[in-house]
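Fold and geometry: a report
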Amino acid sequence: MNLIQRLKIWTELRRLETRAHQSPSPSTFVDLGQVYINLGMHEKTLVLAEEGLALFPQSVELRKLKRFAQKKQLTERIGSMRVRLARSKDATLYHELAHLHLELGDFESVQGVCEECIRRFPEDAESHLLLARANLLGFYRDLGAREGSAAVEHLRAVLRLDGDVVAARRLLAELSWRIGAQISVLEHVDALGRLGVRDAELQAMRETVAQSSPAGADGDYEDIAALLHDVESRGRLTRQPVSRERRAMQDATSDDGDELHGVRDRLARLADAPGVRKATFIRGAKALVRGEIRDGRDPFLRVTRVVARAAQRAAKRMDVGNFSKGTVDGNFGRICVCSYGESIAALECTADTDVTALLDELQELVAQSLVSASRRGA
Amino acid sequence: MSNRIESLLAELFAVDCVRGAAVVTDDGIVVRSALHGGYREDVVAGLASFLVQTTRRAMTEDGCEAPQLDRFVLHATHGKILLASVGEGWLVAITDQFAHLAEFEAQFDDIAVQIRNEVRVGA
């Protein structure tokens, strides 16, 4: 590329950067990303795509741009990793390389790299674990018994080499749970318990399995291969992931049944406060509305989302950290917004409303929703 | 006019908690600024414009006829950002997290009014 061509590209780049800056839209971000890609600036492309997605999270083009940038970045890293590996055959380098291929979704390469590593380092458990992960991804996607069996074989190989590898035990426990291998679930959950690993999911698995086979299973035989073939022929797994089953059970037994329990009352109180016209609480795709709001499609919800996102971006770039709360005043009255992560609470009030106390209440509301969400997640 | 705006910005910048102040146009062009070393005036102007334009566009698209935005106050973990409309543009102030808004807002609003008057006289 000669100097004039370079200059032309840089001028175009400057123009697109200004455009994306002044009138942000998915297309201005994508146009700029395209130039970054052409110049090989993949890291910048990724940052740009993430910035764009913060403003336009539903944009398919921006998601594609992000995926493409990630892929390019991974491919570059793979290239440099292979050069390092050609210089020194080190098991850690093989693992890193296999991880990168796994991230890229290139399972054949994962297999090739791990098999080569196992040939050179027969006692290497990590390569078996990586192969198991790759096979499990394939199994959960296609429900093919062959991949399931291969995953089980590799996980067992890991445990033969080192019986204390928690990740392998956990993957086996989860796989056994999903295909309905009750004895195997008990075996691995108990082994994890002996290793000091206890959490709510493992506990739930154990309790459910113990309830369904109360007599215990000592000495019983369980044909994992047959269970995997059953899954393949039925075209569906026997059980959902344990976390989802627990949530379904909690929903069925809770009075309210949704994670916004408790936030409703507070929001209703806020909507009744003097001067407040509209009140909303948004988390992801869910929204609660109170006051003069027609429904979930009320424009106020979109304005709230846009203001929260724009404020977050401005605060970050102006180096004052994360946006937490704020007000917008105008001929429409006053809008108060409080945001943390993907939870946003907002009010629309009359112009003469004192919003200091209301903003604190909004912050309390968002905090309460986060606490209840984390309790449900625990 | 510009000397007067400069002196008003300097007055605002002299407040302890203020890290920077600027007058910017609606479309993100800097009129005058007084910013600490870490800030770039084009970035501050661009972001202020982005915030205002994005909010205005969202309101217009959602059926609010001719929304007139007067003021923004944003609280963040390490500081606060205040924007006040001064007619054709915006007065922007960035403060640290210790700013007492109850006290500072009055001063900020007063300076915004004076700048608005200056802009009118200038026009």
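Residues numbered from 1 in each chain as written. Chains lettered and ligands numbered in written order. Predicted model: local features only at pLDDT ≥ 70, side-chain atom pairs only at ≥ 80, totals over all residues. Heavy atoms only, no water.

**Some points on the overall build of chain B**
When helices and strands are tallied, chain B shows 3 helices and 5 strands. Of the regular secondary structure in chain B, the N- to C-terminal order runs α-β-β-α-β-β-β-α. Pairs at least 24 apart in sequence give 46% of the contacts found in chain B among residues at least 6 apart. Surface summary for chain B: the accessible area is close to 5600 Å², and the carbon and sulfur share equals 50%. (Helix = DSSP H or I, 4+ residues; strand = E, 2+ residues; numbered from the N terminus. Contact = heavy atoms within 4.5 Å. Areas by Shrake-Rupley, 256 points an atom, 1.4 Å probe, with all protein chains shown as cover.)

**Some thoughts on the overall build of chain A**
On a plain count of helices and strands, chain A comes out with 16 helices and 5 strands. Across the 378 residues that make up chain A, the buried fraction comes to 45%. Here the analysis covers contacts within chain A between residues at least 6 apart in sequence; of these, 53% occur between residues at least 24 apart. Roughly 19800 Å² of accessible area belongs to chain A as shown, and the carbon and sulfur atoms make up 49% of that amount. (Buried < 20%, exposed > 50% of the residue type's maximum accessible area, 1.4 Å probe, protein only.)

**Focus on the packing of aromatic side chains**
Counted under the stated rule, the structure contains 5 aromatic pairs over all chains. For the ring pair A:Tyr94 and A:Phe121, a centre distance of 6.4 Å and an interplane angle of 70° mean the geometry is edge-to-face. Here A:Tyr94 is found in helix 5 (residues 91–104), whereas its partner A:Phe121 is found in the loop between helix 6 (107–120) and helix 7 (125–142), with 27 residues between them in sequence. For A:Phe121, a relative accessible area of 28% puts it in the partly exposed group. Arranged with centres 6.1 Å apart and planes meeting at 35°, the rings of B:Phe104 and B:Phe108 form a pair that is tilted. Taken together, the residues B:Phe104 and B:Phe108, both in helix 3 (residues 101–122) and 4 residues apart, mark about one turn of the helix. (Phe/Tyr/Trp six-rings, centres within 6.5 Å; stacked < 30°, edge-to-face > 60°.)

**Comments concerning the sheet that holds strand 5 (residues 343–349) of chain A**
With antiparallel pairing, the 10 strands of this open sheet are ordered in space as 2(A)-1(A)-5(A)-4(A)-3(A)-3(B)-4(B)-5(B)-1(B)-2(B). Looking along the sheet, the strands with just one partner apiece sit at the ends: strand 2 (286–291) of chain A together with strand 2 (30–35) of chain B. The mean inter-strand angle of the sheet, taken between neighbouring strand axes irrespective of direction, is 10°. Both strand 1 (residues 276–283) of chain A and strand 2 of chain A contribute to a ladder of 6 bridges, which runs antiparallel. Residue pairing across strands places A:Ile282 opposite A:Ala287, the latter belonging to strand 2 of chain A. (Pairing = 2+ DSSP bridges. Axes fitted to C-alpha atoms, helices over the stretch in contact; angles between N-to-C directions.)

**A look at the nonpolar core**
Membership of the largest hydrophobic core comes to 57 residues, with the highest contact counts inside it found for A:Ile335, A:Val337, B:Leu69, B:Phe72, B:Ile81 and B:Leu83. Looking at which domains feed residues into this core, each of domain 1 (3–75) and domain 3 (256–377) of chain A gives three or more. For B:Leu83, the residues in contact, after removing those within four places along its chain, are B:Ala48, B:Leu51, B:Val52, B:Asp70, B:Arg71, B:Phe72, B:Trp90, B:Leu91, B:Val92 and B:Phe108. Counting residues in hydrophobic clusters, the runner-up holds 24 residues, among them A:Ala145, A:Val165, A:Leu172 and A:Leu228. (Core = buried A, V, L, I, M, F, W, Y, C linked by side-chain atoms within 4.5 Å. Domains from an automatic or database assignment.)

**Here we look at the environment of A:Met318**
Take A:Met318: it is sitting in the loop between helix 15 (299–317) and strand 3 (323–330). Excluding anything up to four places from it in sequence, A:Met318 contacts B:Tyr39, B:Val44, B:Leu47, B:Ala48, B:Ile81 and B:Ile94.

**Quick look at helix 5 of chain A**
Residue and element names in this part refer to chain A. Across its 14 residues, helix 5 extends 20 Å between first and last C-alpha, which sits within 8% of the 20 Å expected from 1.5 Å per residue. Taken residue by residue, helix 5 has Ala91, Leu93, Tyr94, His95, Leu97, Ala98, Leu100, His101 and Leu102 as its buried positions. Backbone geometry just downstream of helix 5 places Gly105 in the positive-phi region, at approximately 80°. (Expected span 1.5 Å × (residues − 1).)

**Description of the confidence of the model for chain B**
Summarising the model, chain B shows a mean pLDDT of 88, and 94% of its residues fall at 70 or more. This prediction of the complex comes with two scores: 0.51 for pTM and 0.92 for ipTM. (pLDDT = per-residue confidence, 0-100.)

**Section: the interface of chain B and chain A**
At the junction of the two partners, chain B supplies 36 residues and chain A supplies 32 residues. The interface formed by chain B and chain A includes 1 salt bridge. Every element with two or more residues in the side of chain B that touches chain A is listed here: helix 2 (41–61), strand 3 (69–76), strand 4 (79–85) and strand 5 (89–96) of chain B. It is helix 2 of chain B that provides the largest number of residues to the side of chain B that touches chain A, a total of 14 residues. The residue makeup of the side of chain B that touches chain A, split by class, is 18 nonpolar, 9 polar and 9 charged. Two elements, strand 3 of chain A and strand 3 of chain B, share 7 bridges in a ladder whose sense is antiparallel. By the bridge assignment for strand 3 of chain B, A:Val328 is matched with B:Phe72. (Salt bridge = Lys/Arg side-chain N within 4 Å of Asp/Glu carboxyl O. Nonpolar A, V, L, I, M, F, W, Y, C, P; charged D, E, K, R; others polar.)

**Describing helix 3 (residues 42–55) of chain A**
What sets the pattern is the α-helix's 3.6 residues per turn: residues three or four places apart point alike. In this model, helix 3 of chain A (14 residues) spans 20 Å end to end at C-alpha, consistent with the 20 Å of a helix rising 1.5 Å per residue. Those residues of helix 3 of chain A that fall on the buried side of the exposure criterion are A:His42, A:Thr45, A:Leu46, A:Leu48, A:Ala49, A:Gly52, A:Leu53 and A:Leu55.

**Examining unusual backbone geometry**
Residue and element names in this part refer to chain A. Positive phi, close to 60°, is recorded for Leu143, a residue that is not glycine. Within the secondary structure layout, Leu143 lies in the loop between helix 7 and helix 8 (145–161). In this structure Leu143 comes out as buried when scored by relative accessible area, which is 13%. Positioned with a positive phi, Asp319 is a non-glycine residue whose angle comes to about 65°. For Asp319, a relative accessible area of 55% gives the class exposed.

**Looking at the packing of helix 3 of chain A against helix 4 (residues 60–87) of chain A**
All names here are of chain A. Here helix 3 crosses helix 4 at 155°, and the two axes come no closer than 9 Å. In terms of their interaxial angle, helix 3 and helix 4 are classed as roughly antiparallel. Taken as a pair, helix 3 and helix 4 cross one another with a handedness that is left-handed. Facing His42, Glu43, Thr45, Leu46, Leu48, Ala49, Glu50, Gly52 and Leu53 of helix 3, the residues of helix 4 in contact are Leu62, Arg63, Leu65, Lys66, Ala69, Gln70, Lys72, Gln73 and Glu76. When its residues are assigned to classes, the contact of helix 3 with helix 4 shows 7 nonpolar, 5 polar and 6 charged. (Parallel < 35°, antiparallel > 145°, perpendicular 65-115°, else oblique. Left-handed = near helix turned anticlockwise from the far one by under 90°.)

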